[in-house]
Amino acid sequence: MENVLTAVPLVVFIPLAGMLINLFFGKYFGEFGVGFIGVTASGLAFVVAALLWAGLRDNNFEAVVVNPPLFDGWISIPSANLEIPWQFRVDTLSVTMMLVVSGVGTLIHLYAVGYMHGDPRFPRFFVYLNLFLVFMMTLVTGNNILMMFVGWEGVGLCSYLLIGFWFDKSRVFPDGVSEGWKNSNAARKAMIVNRIGDFGVLLAIFLTFWTFGTLDFYKPDEQPIGGHAEEAEEHALVIASTDEVIAEEEHDLSNMGFLNQAQVLLSDGEEHQVKFGSVDLSLKAIVTLITLLMLLGAAGKSAQIPLFVWLPDAMAGPTPVSALIHAATMVTAGVYMMVRANVLFHHAEVSSFIVTVIGATTAIMAGFIAVGQWDVKKVLAYSTVSQLGFMVAAVGLGAYAAAIFHLVTHAFFKALLFLASGSIIHGMEHGHHHSHDSHHAHHEEEFDPQDMRTMGGLRRKMPITYWTYVIGTFALAGIFPFAGFWSKDEILADSFRVFWDEGELKGIFALMLLITAAGFTAFYMWRQVSLVFYGEPRHEAGEHASESSLLMTLPLMILAVLSIFGGFLNTPSDLPLLTDLFGAHKFTDWLGHSVVNAHAGEFLWWLALGALGVAVFAIFAARQLYADETTSTVRITGDPLARNPQTSQAFALANAKLLWDEMYFKYLENPFNVASRFLADRVDWQFWHDFFHHNIVYLPFDQGAKGISGNVDKVVIDKGIMMVFARGPWEIARRVRRVQTGFVRIYALTILLGTVLVMIAILFPDIRDILGI
Amino acid sequence: MQLENTGVSIVSAVLFSPLVGVLVLLFWPRLTDKQVRIATLINTLVTFAFSLLMLSQFDSSKGMQMEQVDEWIAGLGIYYHVGVDGISIWLVMLTTFIMPIAVLASWTGIEEKVRLFHGFLLLLEVAMVGVFVSLDLFLFYIFWEVSLVPMYFMIGMWGSKDKVDFFGREMEARIYAAVKFFLYTVAGSILMLLAILYVGNKAETFDFMLIRDLMRSGQLVFTEETERLLFVGFFIAFAIKVPVWPLHSWLPDAHVQAPTAGSIILAGVLLKLGTYGLVRYNLEFFPNAAIDFAPYIGALAVIGIIYGAWVSYAQTDVKKLVAYSSVSHLGFVVLGIFAMNSAGIQGAVLQMVNHGVSTGGLFLLVGMLYERRHTKAINAFGGLWKIMPIYSGFALVIALSSMGLPGLNGFVGEFTILVGSAGSDTLDIWYTVLATIGIILAAVYILFMFNKVFMGPVTKQENQELEDLTWGGNWYELSALVALTVVIFVIGLYPKPFFELMDGAVGDLVAQLDATLQVAMK
């Protein structure tokens, strides 16, 4: 089956072909043709990924590294021992990601054909979507961290392009900024904030290279070495110790990728010293640094504190983009990277602690903010931030398999929720147009199709959207037996294990925060369902809303099925019936072939029931609280939480998004801008460009030129030339322009400056002596 | 010391091929403007073809090759001696590649004294290639000085029509800029001349190869102080040209005032004369001083990276923004050179090429906009992506290349440089940390520019009718952009052959530096 595995470059090249075809010929195809090519490219990538899955099973789950055709290398500097090839890695982790990306991706491509219908830049949208797949596949299949980084930045670029896709919308918001600028600026913000994260990834890469001498995760002919020191010994590896760094022993390590090297060196229990350039640190410290820098990168891409601020703004993009890039796939890249480097995180206790704190805090913070949002997509955006916090916390807790499991189920239900919200927005817009047509636009009030205050009663208008949305909500809230229940429970159970069995503080910290965050999740989701679907329509648009076309609802239904059953991928052991049906932690076992520190979580009955209780309670609370609101037939003006004096302040804070953006503006962006203008105007222009130049460079030269001309003039040089010289350079240039004969003279003058001095100095020994040369 | 005369080398063909054009333009009786342009384009393309031939004959297992030696001023030990190695060949390739693009960029922009302008272009090409291929210090110096002249006139005669207030006097901005460019460069090169004379005198030859052998074999040794003085003599000349912060204040003037072709050549090639000189002369001849000075020069480079980017962000003129970005980008190159290891130097050499392509491309784009709108003010635009989708697509690729997006050329250079500086024995790790911040800032100013010019709704009436690129309408613009874009992708996706060719030359240099470094560290 090795031959099937060598097909892996196709997951990149098929979307690339689709992208190129649509880029150059898309304008001749029409919507159907463009959509067909886009969807087919994505679908074929999924087929390849599925074949890889089957091939990997037949290959005994052993990872394979494949070289692409044509490109026999990338950055290759023999004299610096820098060898970074283009190489694809097929292992259980990368195939999992490929399946999610292309599977969910294909559904979203399909949905987008319906959603983007009638857009003047329809072909370009599919160019970008396919390009996104190219980079995302590069990210997850790269066998070295730099190739991963190519994908990492590439998906960032696609995110930029797609957030700003509607850069030219001229609708002006009440605050005087047009929608086009809002979209463009949101795109820019996403890219720049992500670059701050990339700074971390780049530094991590530099440190990795100089510490391990390679950027390959694993070399082509090796398999990951298991999790513990004993296993390392089984592989009969010689381990270099601090005192005796012997050439021969180094040789053994030099054939390894950096993850295996780290595994070997970190599990032998000895101190290793890393020395390069000006750096002289213990290996432990270097690994801590590398992992912290990776965390910074993950905070950017996976929207964690303090870099999450770009993700809510990114909702400016078309909704399929929010579903694909800003919920299901791209934003999970940070989690993927950390799980890929689980060997390093496993051995870096300090980093893991910080990762847990960041993840859990993000989870609860974003969950809190989501409660106070009115925009249907903003709620989901903060929800995504919160769920990414769960995954990151799981990485910190060492529950790598649980992190990826949650990544997968989240891709199902969050893509579902976003696509359904797109269907809602579509329905509202459609209804708005409809009501306008029938009333001949009698009042031109501002209409925001994403504002939940104007919705209501869509349950009857859009039944498929409603039912799928509720399924997505149950999955996200962690209701048994939907997908989110299983994956979230694994993370919670692991945090308890870390606290109880290993006695680590981060375990209980994560457990408390994550359970609370789960409560928030259930609450804001049911708040949303109530406001959007229940009660009576609060706007004409809602009254005239209708269900979206099958192109859009079909992906919803498929994702709904996945959201119901996705959790059974990894059912815990010892469950009656379910374990018999679906096997015991199949997914963890599968992942364990590439994620060496993956371990199966226990199932804790009391914890699962407790978490379920919290979720159910939160849903009922939301149901009670918002029951009155939904009876209104006009736009809601305030939230019941805001009217209650006990919660009004908290709601205001959540509604103001905890003022993160304002803080960033005040303490970072604005000072940066002011400093920039100060540097440019005062320092560079007024001082350096004008003052310094005039007094230090120009005046002495001018004076000098006049001095020389006065004395040397009659003795040596033709009077005509020196006259020009004497009046200073400004005069020279003025003349030059006038006549061409002037040019000859200046030319002679220039040669003078060079050659005359040379001649004098070389030909006259006396002068040479005077000059001392 | 004597050198044997050799036969004619292809390097000479590359070097003097543009001179044929200069002679034609000088003496051919009647030529219409169009004929001048076509003749010049053909001439530069032929030169490029020669350089491709040279590239195909290059043997990466050898060091300096395709040498040609002819007696010139025998009594003083001055020869006509040219040749290329893995470092200089890429800069020659860059020059011959950029020149046709510069000709295409002036296709409609230059309407006065067309013949003279193109004569200067070709003369400049001779001078620039000459700097890269000369293996005689004297010859090098001649070319170095000659390269100044055409650029001086291109800025002064075909520059913008702006006026500046020069301490109470109103003067034409292009004159101010031209003279400033002239003054700074000459001031630097005089110091270099003295240093060259000293070295030539002491070695009793001006031949680069001979001097190098003498130094490597220990027959030519300078005292510590002399070496430092000589190092500084060369360094200041090169640093002004690069420009290394804080010697950059001529750059924004020269760039903003120069015609499009002038800016392209200035950014594309002329600045690299400086960085090339640092590698070829400062590192090769004065390794001890280079090691001593590396931390300080590295600091200037890092300041330049951050300062250039930061200042760039505050600009309101597109061309000035791009000009300051050069200060930032070349800071990376200097950092790589003074990392003094193989990754750093190879990254620096590749980044010289990359910067020529991407910043040259940015200036080309700005020139196209200027011809359409007669303004370079950033806030005069907005929403161009909707009006000129093809132009904007190219602009996106070139802007991304400039901000170092992986998969495009800029990233390969910057990454390699930073890998080098991170593991450098001469530079502390903090240099790398700070320089990497420059990568964040690059995104800040490039995206600021891209957003303001290309995104957002179209609000200005004048922008509604701007002409996009088509093969029928403006093939010269489109073909120039296509050529640049192809190179951007080739270097970004497959830089291996570029490194392969320079590995021998740089490896050789680094071996020498390492030996010196080992002694210095003991």
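Residues numbered from 1 in each chain as written. Chains lettered and ligands numbered in written order. Predicted model: local features only at pLDDT ≥ 70, side-chain atom pairs only at ≥ 80, totals over all residues. Heavy atoms only, no water.

Overview of the overall build of chain A
Test applied: Put simply, DSSP H or I for four residues or longer makes a helix, DSSP E for two residues or longer makes a strand, and each gets a number counted from the N terminus. Type-normalised accessible area, obtained with a 1.4 Å probe on protein chains alone, sets the label of each residue: buried when under 20%, exposed when over 50%, and partly exposed for intermediate values. Contacts: residue pairs with any heavy atoms within 4.5 Å of one another. Note on areas: these come from Shrake-Rupley sampling with a 1.4 Å probe, and a residue is covered only by the protein chains present in the view.
Summing up its helical and strand segments, chain A has 33 helices and six strands in all. Counting across all 773 residues of chain A, residues that qualify as buried make up 61%. Residue pairs in contact within chain A that sit at least 24 positions apart in sequence constitute 78% of those at least 6 positions apart. With an accessible surface of roughly 29000 Å², chain A has 64% of that area assigned to carbon and sulfur atoms.

Re the packing of helix α3 (residues 92–115) of chain A against helix α23 (residues 550–565) of chain A
Two numbers describe a pair of packed helices, the interaxial angle and the distance between the axes. All names here are of chain A. Filter applied, for reference: Here an axis means a line fitted to C-alpha atoms, over the contact stretch when the element is a helix, while the angle between two N-to-C directions is reported on a 0 to 180 degree scale. Angles are sorted into four bins: roughly parallel if under 35 degrees, roughly antiparallel if over 145, roughly perpendicular if 65 to 115, and oblique for all others. If you view the pair so one helix is near and one far, a crossing is left-handed when the near helix is turned anticlockwise from the far one by less than a right angle, and right-handed when it is turned clockwise.
Close contact between α3 and α23 brings their axes to 7 Å; oriented N to C, the two are set at 155°. Taken together, α3 and α23 sit at an angle that is classed as roughly antiparallel. Here α3 and α23 pass one another in a crossing that is left-handed. Listed contacts from α23 to L107, L110, Y111, V113, G114 and Y115 of α3 are L551, M552, L554, P555, I558 and L559.

Brief notes about helix α1 (residues 10–27) of chain B
In an α-helix, one full turn covers 3.6 residues, which means residues spaced three or four apart are oriented alike. Residues and elements named next belong to chain B. Put simply, the test is: Each helix should span, by expectation, one fewer than its residue count multiplied by 1.5 Å. Throughout, the bend at a residue refers to the angle made by two axes, fitted to the seven residues ending there and to the seven starting there. In protein, a polar contact means a hydrogen-donor-capable atom and an acceptor-capable atom, both N or O and within 3.5 Å, with residues adjacent in sequence counting only if both atoms are side-chain atoms; elsewhere, any N or O pair within 3.5 Å suffices.
With 18 residues, α1 ought to run about 26 Å at 1.5 Å a step, and its terminal C-alpha atoms sit 26 Å apart, in line with that. At F16, α1 shows its largest kink, close to 35°, and the proline P18 lies no more than four residues downstream. Among the residues of α1, those classed as buried are I10, V11, S12, V14, L15, S17, P18, G21, V22 and L25. Against α2 (33–57), β1 (65–73), β2 (78–84), α3 (88–105), α4 (114–133) and α5 (137–158) lie the buried residues of α1. For α1, the N-terminal cap is S9; the gap from its side-chain oxygen to the backbone nitrogen of V11 is 2.9 Å.

Re the confidence of the model for chain B
Do not read the fine detail of predicted coordinates wherever pLDDT is low. All names here are of chain B. Rules: Across the chain, each position has a pLDDT score giving the predictor's confidence in that residue, from 0 to 100.
Put simply, chain B has an average pLDDT of 91, and 99% of its residues get 70 or more. Within chain B, the lowest mean pLDDT, 77, falls on strand β3 (residues 163–166), and the highest, 96, falls on α3. Of the two predicted TM-score estimates for the complex, the pTM is 0.91 and the ipTM is 0.94.

Observations regarding the nonpolar core
The condition is simple: Throughout, nonpolar core names a set of buried Ala, Val, Leu, Ile, Met, Phe, Trp, Tyr and Cys residues whose side chains join them through atoms within 4.5 Å.
Ranked by internal contacts, the top residues of the largest apolar core, which has 470 residues, are L146(A), Y469(A), F338(B) and F415(B). For this core, the leading source of residues is helix α17 (residues 400–439) of chain A, giving 20 residues. When sequence neighbours within four positions are dropped, the list of residues in contact with F338(B) reads F231(B), F235(B), L278(B), L283(B), A290(B), A294(B), I297(B), S424(B), T426(B) and L427(B). Counting six residues, the second-largest nonpolar core is a separate cluster that includes A680(A), Y307(B), V311(B) and Y324(B).

Observations regarding the interface of chain A and chain B
Note the following rule: In short, buried area is how much 1.4 Å probe accessible area vanishes from two parts on joining, totalled over both. Salt-bridge detection follows one rule: a side-chain nitrogen of Lys or Arg within 4 Å of a carboxyl oxygen of Asp or Glu.
On the side of chain B, 99 residues touch chain A, which itself brings 89 residues to the contact. Around 8500 Å² of area is buried between chain A and chain B when both sides are counted, 75% of it from carbon and sulfur atoms. The partner of D72(A) in a salt bridge is K496(B), and the shortest N-O contact between them spans 3.4 Å. Counting the contacts that link chain A with chain B gives 30 residue pairs in polar contact (both at pLDDT 80 or more). Elements supplying a minimum of two residues to the side of chain A that touches chain B: β2 (75–77), β3 (82–84), α4 (122–141), α5 (145–163), α6 (179–212), α29 (660–712), α31 (728–738) and α32 (740–763) of chain A. Take the side of chain A that touches chain B: its biggest share by element is 18 residues, from α29(A).

With respect to the pattern of salt bridges
Enumeration over the complete set of coordinates arrives at 27 salt bridges over all chains. Between R121(A) and D168(A) there is a salt bridge whose closest N-O contact spans 3.1 Å. Of the two residues, R121(A) sits in the loop between α3 and α4 while D168(A) sits in the loop between α5 and α6, which places them 47 residues apart along the sequence. Given the relative accessible area of 14%, D168(A) is considered buried. Here R174(B) and E172(B) are joined by a salt bridge, their closest N and O atoms 3.1 Å apart. The buried category is assigned to R174(B), whose relative accessible area is 10%. Residue class for E172(B) comes out buried when judged on its relative accessible area of 19%. Put simply, R212(B), R216(B), E284(B) and D508(B) are held in one network by salt bridges that share partners.

A word on the environment of F665(A)
Mapped onto the elements of the fold, F665(A) is located in helix α29. In contact with F665(A), not counting residues within four places along its chain, are N670(A) and P671(A).

Thoughts on a nonpolar patch on the surface
All names here are of chain A. The test is simple: To count toward a patch, a residue needs a relative accessible area over 30% and no salt bridge; like charges are then connected within 9 Å, while nonpolar side chains (Val, Leu, Ile, Met, Phe, Trp, Tyr) are connected within 5 Å.
Nonpolar side chains collect at one region of the surface, where L20, I21, L23, F24, F25, Y28 and F29 lie side by side and expose about 710 Å² of accessible area between them. In this structure, Y28 sits in helix α2 (residues 10–58). For Y28, a relative accessible area of 61% corresponds to the exposed category.

Some words on the side chain of T516(B)
Within the secondary structure layout, T516(B) lies in helix α19 (residues 496–521). Apart from residues no more than four positions distant in its own chain, T516(B) is found in contact with P287(B), N288(B) and I291(B).

Examining the packing of helix α10 (residues 283–301) of chain A against helix α13 (residues 333–340) of chain A
Residue and element names in this part refer to chain A. Convention followed: Amino acids outside the nonpolar list (Ala, Val, Leu, Ile, Met, Phe, Trp, Tyr, Cys, Pro) and the charged list (Asp, Glu, Lys, Arg) are all regarded as polar, and Gly is one of them.
Closest axis-to-axis distance for the α10/α13 pair is 7 Å, and the angle between their directions is 155°. With respect to each other, α10 and α13 are oriented roughly antiparallel. Packed against α10, whose contacting residues are M294, L295, A298 and K301, the element α13 presents A333, G334, M337 and M338 at the interface. Residues belonging to the contact of α10 with α13 are distributed by class as follows: six nonpolar, one polar and one charged.

Quick word on the environment of T459(B)
All names here are of chain B. Tracing the backbone shows T459 in the loop between α17 (429–454) and α18 (471–493). When its relative accessible area of 58% is taken as the criterion, T459 is described as exposed. T459 sits 78 residues away from F381 along the chain, and the two C-alpha atoms are 8.3 Å apart.

Observations regarding unusual backbone geometry
Residues and elements named next belong to chain B. Residues V242 and P243 are joined by a peptide bond in cis, for which omega reads -10°. You can see P243 is positioned in the loop between α8 (224–241) and α9 (250–257). For the bond from W245 to P246, the omega torsion is 5°, close enough to zero to count as cis. In this structure, P246 sits in the loop between α8 and α9. Even without a glycine there, the phi angle at K113 is positive, about 45°. Within the fold, K113 resides in the loop between α3 and α4. Under the relative-accessibility criterion, K113 is labelled partly exposed at 39%.

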